[in-house]
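Summary of structural features
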Amino acid sequence: WGAALAAVMAGAVLAACGGGGGGSSAGGSASAFAVGPIRGFGSIIVNGVRFDDSGAHIEDDEGQSRGSDDLRLGSMVEIQSGQIDDSTGRARASTIRVGSELVGPVDSVSGSSFTLLGQTVDVTPDTVLDDSLALGSGGIAGLQGKIVEVHAQFDAGTGHYVATRIEAESNALQFKIRGTVSALDTTAKTFQIGTA
């Protein structure tokens, strides 16, 4: 996912410059690329653009085909689309990839943040808390000990993940961390992501 993202972003930076459409190339059509959380429906709204997903190929971050019911409010997506019409803020999506940043058990909760697999996750008023969490009146304190899936954007300034969507993942067969590698030791063959 990360390597694909870097490759596609490198090729799409000029096409998506300014959040609008792209220029056309000889024999090809203009295209755009967007990354962000789903903020609305009626098609899907990402970064203020309404993407028509009716003909899009939808897949997860492992390349498995998914359906439109897997596109949920707050889910992080990558979208390849045709040119964005600046006058209407619309485009037709050709490929939508949906994927989370973290899956694992919540170790501790403090205020509006929690830790999971050595990562700090901030919960904001915009974070979508799925009904599957069954948090009740205790708010996010009820996440303690639960296994969750976190869709998020990484804040390089704080080193925290800002959650856009959190849902229960009690049947997870594996845990997941997607983040920035540090403390790489090529002799010991180890590295860190956050404190993990």
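If you're wondering where the values come from, they're calculated on a predicted model, not measured in any experiment. (Residues numbered from 1 in each chain as written. Predicted model: local features only at pLDDT ≥ 70, side-chain atom pairs only at ≥ 80, totals over all residues. Heavy atoms only, no water.)

1. Some points on the overall build of the protein
Looking only at helices and strands, one finds one helix and 15 strands in the protein. The proportion of buried residues among the 196 residues of the protein is 37%. Looking at the protein alone, contacts between residues at least 24 apart form 59% of all its contacts between residues at least 6 apart. Total accessible area on the protein is roughly 10200 Å²; 51% of this is exposed by carbon and sulfur atoms. (Helix = DSSP H or I, 4+ residues; strand = E, 2+ residues; numbered from the N terminus. Buried < 20%, exposed > 50% of the residue type's maximum accessible area, 1.4 Å probe, protein only. Contact = heavy atoms within 4.5 Å. Areas by Shrake-Rupley, 256 points an atom, 1.4 Å probe, with all protein chains shown as cover.)

2. Considering the confidence of the model for the protein
Segments scoring low in pLDDT should not have their predicted coordinates read at a detailed level. Confidence along the protein averages 85 in pLDDT terms, with 85% of residues attaining 70 or more. For residues 1–28, every residue scores under 50 in pLDDT, and the model assigns this stretch 31 contacts once sequence neighbours within four places are set aside. (pLDDT = per-residue confidence, 0-100.)

3. Description of the packing of aromatic side chains
Scanning the model with the defined rule gives one aromatic pair in all. Taking 5.1 Å as the distance between ring centres and 65° as the angle between the ring planes, the aromatic pair formed by Phe154 and Tyr161 counts as edge-to-face. What makes Phe154 partly exposed here is its relative accessible area of 40%. Its relative accessible area of 1% is what places Tyr161 among the buried residues. (Phe/Tyr/Trp six-rings, centres within 6.5 Å; stacked < 30°, edge-to-face > 60°.)

4. Describing the pattern of salt bridges
Any two side chains of opposite charge can pair, on the condition that their charged atoms come close. Here the structure, examined in full by the defined rule, presents ten salt bridges. Its salt-bridge partner being Arg178, residue Asp61 comes within 2.5 Å of it at the nearest N-O pair. With Asp61 in the loop between strand S4 (57–60) and strand S5 (76–82) and Arg178 in the loop between strand S13 (176–177) and strand S14 (181–185), this residue pair connects regions lying 117 residues apart in the sequence. Note that Asp130 and Arg165 form a salt bridge whose closest N and O atoms lie 2.5 Å from each other. Of this pair, Asp130 sits in the loop between strand S10 (128–129) and strand S11 (147–155) while Arg165 sits in strand S12 (residues 160–168), placing them 35 residues apart in sequence. (Salt bridge = Lys/Arg side-chain N within 4 Å of Asp/Glu carboxyl O.)

5. Looking at the pairing of S12
Regular strands have side chains that alternate between both faces of the sheet. By the bridge criterion, two bridges tie strand S9 (residues 119–122) to S12 in an arrangement that is parallel. In the sheet register, Val121 faces S12, and the bridge partner there is Tyr161. Where S10 lies against S12, two bridges are found, and the strand directions are parallel. Counterpart to Val128 in the pairing with S12 is Arg165. (Pairing = 2+ DSSP bridges.)

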